[in-house]
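Residue strings, one per chain:
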Amino acid sequence: MDREQAHALMLEHTPSESLRRHMLNVETAMRAYARHWAAQGEAADEETYAVAGLLHDFDYEQHPDEHPAWGVAYLREHTDTPPEVLDAILGHAAFTGTPRTTLLSKTLFAVDELTGLVQAAALVRPDRDVRGVELSSLKKRFKNRAFAAGVNREEVVQGAEELGMDLDEHFQRVLMALQGAAA
């Protein structure tokens, strides 16, 4: 499974533009983290991280009650998606009980909810441009539970902890990744 195949599969199974945008944002954050981990000497293949980001919610709209198990079963049966990507997809949904034992799975869990917060922060700006979102504003919005109420703050904190990363550094890394992609 390469990025082109994952992107085509995501488009085929995901009709809404907002969920597609979310998965593209997660892909972007995953790529940035793969580069970060590789620079730290970790084995982190950027393409693998990208595929996990693109596919983690591809089944959500059509199979919300079975997500992500339906998607993983589909990928096992119809594609050559690597097992570590399948485990990461299962692990990004805390309710599955799938342990996050790899850096890939921990990273996917950590960036998933946070990208939603960054996107929401961009959408309330007059220009709707993520490049104008500042870290201080993002942190303030994070503390306001009424803002982007669907973002699970506990999972954002837990994700940073699982990565062994300071929350501010995690915010900055994801924000910079999304701003860089927008540029």
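What you see is a predicted model; the values in this text were computed from it and never measured.

*Asks:* Kindly report on the overall build of the chain, identifying the contributing residues and their values.
*Replies:* The helix and strand inventory of the chain stands at 9 helices and 0 strands. Taken from N to C terminus, the helices and strands of the chain fall in the order α-α-α-α-α-α-α-α-α. Counting only C-alpha atoms and orienting by the principal axes, one finds that the chain spans roughly 45 × 40 × 30 Å. A buried classification covers 50% of the 183 residues belonging to the chain. Contacts in the chain between residues far apart in sequence, at least 24 positions, make up 64% of those at least 6 positions apart. Summed over its atoms, the accessible surface of the chain is roughly 8,700 Å², and 48% of this surface lies on carbon and sulfur atoms.

*Asks:* Help me get a handle on the layout of surface pockets, residues and values and all.
*Replies:* Space inside the largest pocket adds up to approximately 510 Å³. Along the wall of the largest pocket there are 22 residues; nearest its centre are Leu19, His22, Asp57, Asp112 and Glu113. Considering each element in turn, the lining of the largest pocket owes the most residues, 7 residues, to helix α6 (residues 103–123). For the lining of the largest pocket, the class distribution of residues is 8 nonpolar, 9 polar and 5 charged. Empty space within the second largest pocket amounts to approximately 150 Å³. Of all the secondary-structure elements, those providing two or more residues to the lining of the second largest pocket are α2 (17–39), α6 and α9 (167–182). The element that contributes the greatest number of residues to the lining of the second largest pocket is α6, accounting for 4 residues. Of the residues contributing to the lining of the second largest pocket, the split by class is 8 nonpolar, 3 polar and 2 charged.

Calculation notes
Chains are numbered independently. Their residues run from 1 in the order of the written sequence. In keeping with the model being predicted, local features are shown solely for residues with a pLDDT of at least 70 and side-chain atom pairs are shown and tallied solely at 80 or more, while totals for entire chains, interfaces and linings include all residues. Values reported for side chains reflect all heavy atoms of the structure, with hydrogen atoms and water molecules removed beforehand. Helix and strand assignments come from DSSP, with helices taken as H or I runs of at least 4 residues and strands as E runs of at least 2, each series counted from the N terminus. Burial here depends on accessible area, computed with a 1.4 Å probe over protein chains only, as a share of the maximum for the residue type. Under 20% is buried, over 50% is exposed, and the range in between is partly exposed. The contact rule is simple, with two residues in contact once any of their heavy atoms fall within 4.5 Å. Each accessible area is a Shrake-Rupley result for a 1.4 Å probe, and residues are judged covered by the shown protein chains and nothing else. Here a cavity denotes grid points, spaced 1 Å and computed from the protein atoms alone, that fit a 1.4 Å probe unable to get out, and a pocket denotes an open set having protein on both sides within 12 Å along at least 5 of 7 lines; residues with an atom within 4 Å of a point are the lining. Grid points are joined across faces, edges and corners, and a volume is the space filled by probe spheres set on the points. Classes in brief: Ala, Val, Leu, Ile, Met, Phe, Trp, Tyr, Cys and Pro nonpolar; Asp, Glu, Lys and Arg charged; the others, Gly included, polar.

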